[in-house]
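# Results of the structural survey
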Amino acid sequence: MDCREASALVKDRIWPDFTAHFKSETTAASYQADISEIMRYCEKDFLEIDKKDVSVYFEYLQKKVKERKLAPATMAKKLRELHSFADYICLNREAYQIPDSFQDEYECYLQYAAKQESYTHSIPAEHMDRLLEAAQEDLMAYTILSLLLRVGLSSTEIIRLKAEDFGVFDNGVFVKVEGRQESCFVPEDVYEILKMYLSKKEDSLYLFSAG
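Since this is a predicted model, take the numbers as computed values, not measurements. (Residues numbered from 1 in each chain as written. Predicted model: local features only at pLDDT ≥ 70, side-chain atom pairs only at ≥ 80, totals over all residues. Heavy atoms only, no water.)

## Some remarks on the overall build of the chain
Within the chain, the regular secondary structure consists of ten helices and three strands. Intrachain contacts of the chain at a sequence separation of at least 6 include 57% that bridge at least 24 residues. (Helix = DSSP H or I, 4+ residues; strand = E, 2+ residues; numbered from the N terminus. Contact = heavy atoms within 4.5 Å.)

Here it is in structure tokens:
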């Protein structure tokens, strides 16, 4: 996990143990992106994020959904993944010597997340891998799907992207999206796919074009 807010305990012990059973690198990268996002937003290690922090972050996500800058299904996915990670830590509290002050503060939002998903057509996580696998022979389609499924961009946002919208910083890769106040985190493996695509595409104003 490459996040400067993450403690050595989270980064070097808990995270490797948590992801050891994952069958897909795509799933692990999705979890890493969302867990890193809340740590950057709160400017705290995951173990230091408390009930008030989660409430503020939840309101932030709600605002993005209302402004149509975040899909309801994406918000639901974030909350489920944060709950899953926090629940794992609580279940293994003794092994990692986690104080009782740390609790799974995300579980109470899962009902709301399920309600949000009922209003939208979400893609099950296991289907994401199948879509990406099927698109691997078409590099442009593979790159577009990676940005759509892994970064959470809409199709309208993707067609407006330019190569210069992406920036590499000490805390990772981010893309500046038209209409959004904050840049979006780009998982490392998605950025590698993007670089491969850029090395093969012809020069053009926008990242993707039909011609």
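## Some words on the environment of K51
With respect to the helices, strands and loops of the structure, K51 is situated in helix 3 (residues 51-66). A relative accessible area of 58% places K51 in the exposed class. Taking the C-alpha atoms as reference points, K51 and F102, separated by 51 residues in sequence, lie 9.3 Å from one another. (Buried < 20%, exposed > 50% of the residue type's maximum accessible area, 1.4 Å probe, protein only.)

## Some remarks on the packing of helix 1 (residues 8-19) against helix 4 (residues 72-91)
Running from N to C, helix 1 and helix 4 cross one another at 105°; their axes reach a closest spacing of 11 Å. What the angle tells us is that helix 1 and helix 4 run roughly perpendicular. Residues V10, I14, W15, D17 and F18 of helix 1 pack against S84, F85, Y88 and I89 of helix 4. Classifying every residue of the contact of helix 1 with helix 4 gives seven nonpolar, one polar and one charged. (Axes fitted to C-alpha atoms, helices over the stretch in contact; angles between N-to-C directions. Parallel < 35°, antiparallel > 145°, perpendicular 65-115°, else oblique. Nonpolar A, V, L, I, M, F, W, Y, C, P; charged D, E, K, R; others polar.)

## Description of the packing of aromatic side chains
Within the structure shown, the criterion is met by 18 aromatic pairs. With a centroid separation of 6.0 Å and 75° between ring planes, the pair formed by W15 and F85 is classed as edge-to-face. Taken together, the positions of W15 in helix 1 and F85 in helix 4 put the pair 70 residues apart, joining distant regions of the chain. In this structure W15 comes out as buried when scored by relative accessible area, which is 7%. (Phe/Tyr/Trp six-rings, centres within 6.5 Å; stacked < 30°, edge-to-face > 60°.)

## Focus: the sheet that holds strand 3 (residues 184-186)
Overall, antiparallel pairing links the three strands, which are arranged 1-2-3 in an open sheet. A single partner strand is all that each edge strand has here, and the edge strands are strand 1 (166-169) and strand 3. When strand polarity is set aside, the average angle formed by the axes of neighbouring strands in this sheet is 35°. The sheet contact formed by strand 1 and strand 2 (residues 172-175) spans four bridges and is antiparallel. (Pairing = 2+ DSSP bridges.)

## Here we look at helix 4
Over its 20 residues, helix 4 runs 28 Å from end to end, which matches the ideal 28 Å to within 8%, given 1.5 Å per residue. The buried fraction of helix 4 amounts to 15 of the 20 residues, a majority that puts the element mostly inside the structure. (Expected span 1.5 Å × (residues − 1).)

## Focus: unusual backbone geometry
The phi angle at E43 is positive, at roughly 55°, despite the residue not being glycine. When you line up the elements, E43 lands in the loop between helix 2 (25-42) and helix 3. Of note, Q97 is a non-glycine position whose phi angle comes to about 55°, a positive value. Here Q97 lies in the loop between helix 5 (93-96) and helix 6 (110-117).

## Overview of the nonpolar core
Core analysis: the biggest nonpolar cluster contains 36 residues, and I35, F46 and F85 have the highest contact counts within it. Those elements that place two or more of their residues in this core are helix 1, helix 2, helix 3 and helix 4. Excluding anything up to four places from it in sequence, F85 contacts V10, I14, W15, F18, I35 and F46. (Core = buried A, V, L, I, M, F, W, Y, C linked by side-chain atoms within 4.5 Å.)

## Focus on the pattern of salt bridges
In total, this model carries ten salt bridges according to the counting rule given. The residue E37 makes a salt bridge to K78 at a minimum N-O spacing of 3.2 Å. Note that E37 is positioned in helix 2 and K78 in helix 4, a separation of 41 residues in sequence. K78 shares its class with E37; the two are buried. Ionic pairing is found between R93 and D100, a salt bridge with its closest N-O pair at 4.0 Å. R93 sits in the buried class, given a relative accessible area of 14%. By relative accessible area, D100 is classed as exposed at 59%. (Salt bridge = Lys/Arg side-chain N within 4 Å of Asp/Glu carboxyl O.)

Shape descriptors only; they carry no functional weight alone.
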